[in-house]
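# Descriptive structure summary
Now for the letters of each chain:
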Amino acid sequence: MNIAFFSDNLYPEVSGISDSILLLGKQLIKDGHNVAYIGPTYSKKNYASVNAPLEANREDFKGMKFFRLPSFKVPFSPTNQAQFVIPYGKSISFLKEFKVDVIHTQLPFGVGLEALIASRYLKVPLVGTNHTLFEGITETLPLQQKWFKNIAYKIISSYFCWYYNKCSFVSSPAQSLLDTMKASGLHSEQQKISNPVSLQEFTIGTEEE
């Protein structure tokens, strides 16, 4: 199967979303699938700021394809790396050549809307994962007055549900987040699926430890 991951947060940006889909992609490649990543373009400064080599120079990314969309920096982002993409279907020609079977989208913003456009145009299934608590987004807004956060929460939750209702299937690593989305209007088929974890990052403690 040819699987394309779309994400507004992607390597080298420091992001749990990026980490999870890269780990998943590595396992899918081991299982015989083809994997591609579509995300923003990052500057050399972005790579240097986290001591990250270009993806072409990483042996553990072997077999992965990357397609970068034109983007511009989001001001005041928590990581100081976030990029915004204007969706206009630029990925479609790449996906045609890749012969994509399914698109897996991670966020409903610029790259996520690009995924929706590509899915509709190419008539391939769109699978979505929501990693993000709505409260987590409102906590990053410039205004923190209660009335403003309440309005922002309603807008954000409605927009997320509108987007994920366009997906054939929706997952989340937290059942509580799916429950919140259902209460806000999500009706797509859904299931809690944990994010992958690299077991190499952990070791069994010694008796002394």
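Read on for an overview of the structure.

Direction of pairing for strand β6 (residues 102–105) relative to strand β7 (residues 126–129): parallel, over a ladder of three bridges. The residue of β7 that forms the bridge with T105 is G128. Read as a crossover between parallel neighbours, the route from β6 over helix α4 (residues 110–122) to β7 is right-handed.

Counting residues in each nonpolar core, the largest one holds 31 residues, and the members touching the most others are F6, I38, L95, V100, I103, Y164 and L186. Looking at this core, the elements with two or more residues in it are β1 (2–6), β2 (34–40), β3 (64–69), α3 (92–98), α4, α6 (146–164) and α7 (175–183). Sorting elements by how many residues they give to this core places α6 first, with six residues. For L95, the residues in contact, after removing those within four places along its chain, are A4, F6, I38, V100, I103, A118 and L122. Membership of the second largest hydrophobic core comes to 16 residues, among which are F5, V35, Y37 and F61.

This part is about the sheet that holds β7. On the basis of which strands lie adjacent, the open sheet formed by seven strands has the order β3-β2-β1-β6-β7-β8-β9 and parallel pairing. Looking at strand neighbours, the two that pair on one side only are β3 and β9 (190–192), the edges of this open sheet. Pairs of neighbouring strands in the sheet enclose a mean axial angle of 20°, with direction left out of account. Of the pairings in the sheet, the one linking β1 to β2 comprises five bridges and is parallel in character. Each bridged residue has a counterpart across the sheet, and for A4 the counterpart in β2 is A36.

This model, assessed by the stated rule, comprises zero disulfides. Looking at C161, it has no disulfide partner, and the nearest cysteine sulfur is the one in C167, 11 Å off. According to the relative accessible area criterion, C167 is buried, its value standing at 6%.

Next up on the list: the pattern of salt bridges. Any two side chains of opposite charge can pair, on the condition that their charged atoms come close. Scanning all chains against the criterion turns up four salt bridges. Among the salt bridges present, the one from K26 reaches D60, with a minimum N-O distance of 2.9 Å. In this pair, K26 sits in helix α1 (residues 16–30) while D60 sits in the loop between α2 (44–49) and β3, placing the two residues 34 residues apart along the sequence. Taking the relative accessible area as the measure of exposure, K26 reaches 24% and is therefore partly exposed. The exposure class of D60 is partly exposed, given its relative accessible area of 34%. For K182, the salt bridge identified is with D179, shortest N-O distance 3.7 Å. Of this pair, K182 and D179 both sit in helix α7, three residues apart, which is roughly one turn of that helix.

Topologically, S119 is positioned in helix α4. According to the relative accessible area criterion, S119 is buried, its value standing at 2%. Residue contacts for S119: discarding those within four places in its chain leaves I103, V124, P125 and L126.

Within the secondary structure, P40 is located in strand β2. P40 sits in the buried class, given a relative accessible area of 0%. Ignoring anything within four residues of it in the chain, the contact list for P40 reads S7, D8, L10, R68, L69, S71, Q83, V85 and V111.

Let's shift gears to the side chain of S172. Examined against the element boundaries, S172 turns out to sit in strand β8 (residues 169–172). Residue S172 is classed as buried on the basis of its relative accessible area of 0%. In this structure the side chain of S172 is engaged in a polar contact, spanning 3.1 Å, whose partner is the backbone oxygen of N130.

Cis geometry marks the peptide bond from Y11 to P12; its omega dihedral reads 10°. Within the secondary structure, P12 sits in the loop between β1 and α1. One non-glycine residue, N51, lies in positive phi territory at about 50°. Along the chain, N51 falls in the loop between α2 and β3. In this structure N51 comes out as exposed when scored by relative accessible area, which is 71%. With a phi close to 60°, K99 is a non-glycine residue in the positive phi region.

Conventions and cut-offs
Going along each chain's sequence as written, the residues are numbered from 1 onward. With pLDDT at 70 or above as the cut-off, local features in this predicted model cover only qualifying residues; side-chain atom pairs require 80 or more to be listed or tallied, and sums for whole chains, interfaces and linings still use all residues. Calculated side-chain values reflect all of the structure's heavy atoms, with hydrogen atoms and water omitted. Here a strand pair is declared whenever DSSP counts at least two bridges between the two strands. In this description a helix means any DSSP run of H or I spanning at least four residues, a strand means any run of E spanning at least two, and both kinds are numbered starting from the N terminus. By the criterion used throughout, a crossover qualifies as right-handed when its path from the first strand across the helix to the second strand runs clockwise, the strands pointing away from the viewer. Nonpolar cores are built from buried Ala, Val, Leu, Ile, Met, Phe, Trp, Tyr and Cys residues. Side-chain atoms within 4.5 Å join them into one set. Burial classes: relative accessible area under 20% of the type maximum marks a residue as buried, over 50% as exposed, and values in between as partly exposed (1.4 Å probe, protein chains only). Note on contacts: a residue pair is in contact if any heavy atoms of the two residues lie within 4.5 Å. Axis lines are fitted to C-alpha atoms, over the contacting stretch for helices. Their N-to-C directions set the angle, which ranges from 0 to 180 degrees. Whenever a pair of cysteine sulfur atoms sits within 2.5 Å, that pair is classed as a disulfide. Salt bridge, as used here, is a side-chain nitrogen of Lys or Arg placed within 4 Å of a carboxyl oxygen of Asp or Glu. The term polar contact refers here to a pair of N or O atoms within 3.5 Å; inside protein, the definition further demands a hydrogen-donor-capable atom paired with an acceptor-capable atom, and it admits residues adjacent in sequence only when both atoms are side-chain atoms.

Any functional reading would require information beyond the geometric quantities listed.
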